[in-house]
Amino acid sequence: MTNTKVIIVGAGIAGPVLAVFLKTRGYDPIIYERLPGPAQGGHVFTLQPNGIRVLSLIPEFVEQIPGHPLDRLIQCSCLDGVEDILADTDISPAMMRERFGFPLIGVRRPEFQQLSIDTAKKHGIEIKWSHQAIEFEQSEDAVEVTFANGTKDTASFVVGCDGLHSNTRIALFGKEKVDFTGMVRVGGVSPTPPVLHGRLALVNMYGDGRHMIAYPVTEDKYSWAITTRGAEAKEDWRTQNEEQQNEIRNGPFSTWGFGAGDLVKTGQKIVKYGLYDRPKLESWFKGRIVLLGDAAHPSSPHLGQGANQAFEDIYHFMRLLRKHNPSAGQLSTELLLRVFTDYQDLRLLRTSELVRGARQQGELRVVEGVDACRARDEAIRTRLNDDAAWKARDEMWSGPFTESEM
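Residues numbered from 1 in each chain as written. Predicted model: local features only at pLDDT ≥ 70, side-chain atom pairs only at ≥ 80, totals over all residues. Heavy atoms only, no water.

## A short note on the pairing of strand 9 (residues 133-138)
For a regular strand, side-chain orientation follows a simple rule: the groups alternate between the two sheet faces.
In step 1: Bridge count for strand 9 against strand 10 (residues 143-147) is five bridges, and the pairing is antiparallel. By the bridge assignment, Q138 is partnered in strand 10 with V143.
In step 2: Between strand 9 and the antiparallel strand that follows it, strand 10, lie four residues. (Pairing = 2+ DSSP bridges. Helix = DSSP H or I, 4+ residues; strand = E, 2+ residues; numbered from the N terminus.)

So this is what it looks like as structure tokens:
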């Protein structure tokens, strides 16, 4: 009997990880990616305990993650030239492991993607590059996918892991109107500034009409991103040309305190992009095609949970496949409907709350005018001492399981 074939659309953050879990549970996954190879952009993200907990189910994976555990969470503000520490919290690996089992790790996206791709290949999973999925034709027991280069393939079901600009989502539900939030981000990677030498801190820096998040991604480099309100910018994350980068390096951010200005002045591969809202989907699947990660629930970056929630999606999706199809055999339409419905019903509310929370966090962080900024700073101090806020963070970092049911 042949194994149940699954087509995964997208070889970014979630696709290869999902493929490894499917392969080890007896399925036959194949990954199709529209790009010609792994992305080389300088985007970064934080792996948080809930995401790492899922990755730990892949033997020896976590030990190979190319990043640095963080040890302090520092909140600071600079208004009218006055620098103020709002909070300095212990998030050391020892404390985080004792409380949650795993630390916070800052990673560069290309390096993490390469690790996940290499892991997938070691499991015998094929990745086909330069294959953009453009059409899906469903029958009673299969899905035929057509790609822009004219090739076709068929599988029992399809999982769209193709991110923010998901072709799978468009094919299922049509093109949607995206709304510019009024916020723009610039960011890059820089040598560690003198004020942060010897520290592995996640730093939130607040100013008038601006917010920066920065954290180490190598022994001697910090990643940073600044959010402001501004004119609409494209959502493409492409590196700015040298003239545009110099304008940012020498612009008003270069005089910011707490080392923020040093990060900007020495920034490398600086990107600029707009932040956009997308409508919430009421369903994540249609027939034998289902969405996962950013393709299902794209979020603004202000909580840093995007990749981590994709890994939570993977855990629950695989758990439900095991529950309803323990033999990993061919799935009837009825059985697949049960899996997809349970997965969607479990995850849709959870991710919708986090998407709203991320949007609210962005609105809180980026305010204009000294009085409004002082009120924001006081709200940050209060929130960091609020038991309910810490309880919510504890619940998030303690998920998505205590004992794996996958």
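## What about the nonpolar core?
In step 1: Counting 74 residues, the largest nonpolar core has L18, L47, F157, F311 and F317 as the members making the most contacts within it.
In step 2: It is helix 8 (residues 306-324) that provides the largest number of residues to this core, a total of nine residues.
In step 3: F317 has contacts with L18, F157, V159, V290, V339, F340 and Y343, leaving out every residue within four places of it along the chain.
In step 4: Within the second largest apolar cluster, 21 residues are counted, among which are A201, M205, M212 and V264. (Core = buried A, V, L, I, M, F, W, Y, C linked by side-chain atoms within 4.5 Å. Buried < 20%, exposed > 50% of the residue type's maximum accessible area, 1.4 Å probe, protein only. Contact = heavy atoms within 4.5 Å.)

## A few points about the sheet that holds strand 2 (residues 28-32)
Consider a sheet: its strands pair through backbone hydrogen bonds, and that pairing is either parallel or antiparallel.
In step 1: In space, the six strands of this open sheet follow the order 8-2-1-12-19-18, with mixed pairing throughout. Two strands bound the open sheet, and with one partner strand each, they are strand 8 (126-128) and strand 18 (285-286).
In step 2: Taken together, the five bridges between strand 1 (residues 5-9) and strand 2 define a ladder with parallel strand orientation. Residue pairing in the sheet places V6 in a bridge with P29 of strand 2.

## Things to note about helix 1 (residues 15-24)
In step 1: Of all ten residues making up helix 1, eight are buried, and the element is well covered by its neighbours.
In step 2: Looking at helix 1, one finds that the buried residues are G15, P16, V17, L18, A19, V20, F21 and L22.
In step 3: Positive backbone phi, approximately 100°, marks G26, located one or two places after helix 1.

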